[in-house]
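Chain residues, written in single-letter form:
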Amino acid sequence: MSPLLTVAAETENPLVPPIPELVIGLIAFVIVFGFLAKKLLPNINKVLEERREAIEGGIEKAEAAQTEAQSVLEQYKAQLAEARHEAARLRQEAQEQGATLIAEMRAEGQRQREEIVAAGHAQIEADRKSAASALRQDVGTLATELAGKLVGESLEDHARQSRVIDRFLDELEEKAEATR
């Protein structure tokens with residue numbers, strides 16, 4: 001290696017910059033850094049602070065909303081439980097009213113049935129008396145005609161005829177009751 005190359009190599013080392021460039025670069029760096037620190041850094045810090053506050057506010061709002069949602073959920077659960085209780089009470093009342101209504105309807109039906117049966121018995125009794133009266137007249141008329149044919153004279157006296165028939169039928173009824 002020649003001495004010329006060694007001197008040139010020492011002065012022009014690409015890894016070591018010359019001192020004036022180093023000083024100018026350092027001054028330019030301080031100026032740029034100072035500008036950034038004075039103008040940009042407060043804006044950046046302001047934006048970061050706003051984001052932090054927004055995030056914290058959002059978290060607080062979310063927690064408040066969650067607390068409110070939890071309280072609303074508890075209220076809804078309480079209202080639902082109350083509504084279920086009320087529905088059960090209404091169902092019970094309806095069942096009791098239904099049972100009362102059924103009992104009333106049965107009693108009314110029983111009363112109507114008894115009225116119908118009583119009316120039927122009264123009608124049967126009236127029909128029996130009417131039939132007995134008609135039978136009495138028919139038997140009396142036949143007996144009078146038969147007696148008139150046997151005796152050979154007319155038994156047309158109506159009053160006497162009724163007395164004879166009534167006495168005869170009364171005797172028959174007394175004999176029938178005595179045998180019972």
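The rules we used
Residues numbered from 1 in each chain as written. Predicted model: local features only at pLDDT ≥ 70, side-chain atom pairs only at ≥ 80, totals over all residues. Heavy atoms only, no water. Helix = DSSP H or I, 4+ residues; strand = E, 2+ residues; numbered from the N terminus. Buried < 20%, exposed > 50% of the residue type's maximum accessible area, 1.4 Å probe, protein only. Areas by Shrake-Rupley, 256 points an atom, 1.4 Å probe, with all protein chains shown as cover. Patch = residues over 30% accessible without salt bridge, like charges linked within 9 Å, V, L, I, M, F, W, Y side chains within 5 Å. Salt bridge = Lys/Arg side-chain N within 4 Å of Asp/Glu carboxyl O. 1 Å grid on protein atoms, 1.4 Å probe; cavity = no way out; pocket = protein on both sides within 12 Å on 5 of 7 lines; lining within 4 Å. Points joined across faces, edges and corners; volume = space filled by probe spheres on them. Nonpolar A, V, L, I, M, F, W, Y, C, P; charged D, E, K, R; others polar. Phe/Tyr/Trp six-rings, centres within 6.5 Å; stacked < 30°, edge-to-face > 60°. pLDDT = per-residue confidence, 0-100.

*Asks:* Could you give an account of the overall build of the protein, with specific residues and numbers?
*Replies:* Broken down by element type, the protein carries three helices and zero strands. In the protein, the succession of α and β elements from N to C terminus is α-α-α. Residues classed as buried in the protein amount to 3% of the 180 residues present. Here the protein has roughly 16000 Å² of accessible surface; of this, 63% comes from carbon and sulfur atoms.

*Asks:* So what's going on with a nonpolar patch on the surface? Which residues, and what values?
*Replies:* Together, Val32, Phe35, Leu36, Leu40, Leu41, Ile44 and Leu48 give the surface a local cluster of nonpolar side chains, amounting to about 620 Å² of exposed area. You can see leucine 36 is positioned in helix H2 (residues 19-151). Using a relative accessible area of 36% as the deciding quantity, one classes leucine 36 as partly exposed.

*Asks:* Provide a residue-level description of the pattern of salt bridges, including the pertinent values.
*Replies:* For the structure on display, the rule yields seven salt bridges. Its salt-bridge partner being glutamate 56, residue arginine 52 comes within 2.7 Å of it at the nearest N-O pair. Of this pair, arginine 52 and glutamate 56 both sit in helix H2, four residues apart, roughly one helical turn. Owing to a relative accessible area of 38%, arginine 52 belongs among the partly exposed residues under this scheme. Owing to a relative accessible area of 36%, glutamate 56 belongs among the partly exposed residues under this scheme. Across the salt bridge formed by glutamate 108 and arginine 111, the nearest N and O atoms sit 2.2 Å from each other. Here glutamate 108 pairs with arginine 111, and both are found in helix H2, just three residues apart, close to one helical turn. Accessibility expressed as a relative area gives 30% for glutamate 108, which makes it partly exposed.

*Asks:* How would you summarise the layout of surface pockets if you had to cite specific residues and measurements?
*Replies:* Its boundaries defined by the atoms lining it, the largest pocket holds a volume of some 300 Å³. Contributing to the lining of the largest pocket are Arg128, Ala132, Ser133, Leu135, Arg136, Val139, Leu169, Leu172, Glu173, Ala176, Glu177 and Arg180. Sort the elements by how many residues they give to the lining of the largest pocket and H2 lands first, with six residues. Grouping the amino acids of the lining of the largest pocket by side-chain chemistry returns six nonpolar, one polar and five charged.

*Asks:* So, the packing of aromatic side chains: which residues are in play, and what are the values?
*Replies:* Any pair of aromatic rings gets described here by the distance separating the centres and the angle formed by the planes. Scanning all chains against the criterion turns up one aromatic pair. Aromatic side chains phenylalanine 29 and phenylalanine 33 sit 6.1 Å apart centroid to centroid with 20° between the ring planes, which places their arrangement in the stacked category. Of this pair, phenylalanine 29 and phenylalanine 33 both sit in helix H2, four residues apart, which is roughly one turn of that helix. With relative accessibility at 54%, the residue phenylalanine 29 sits in the exposed group.

*Asks:* Report on the confidence of the model for the protein, specifying residues and quantitative values.
*Replies:* On average, residues of the protein score 83 in pLDDT, and 87% of them reach the 70 mark or higher. Mean pLDDT across the elements of the protein bottoms out in helix H1 (residues 3-11) (52) and peaks in H2 (89).

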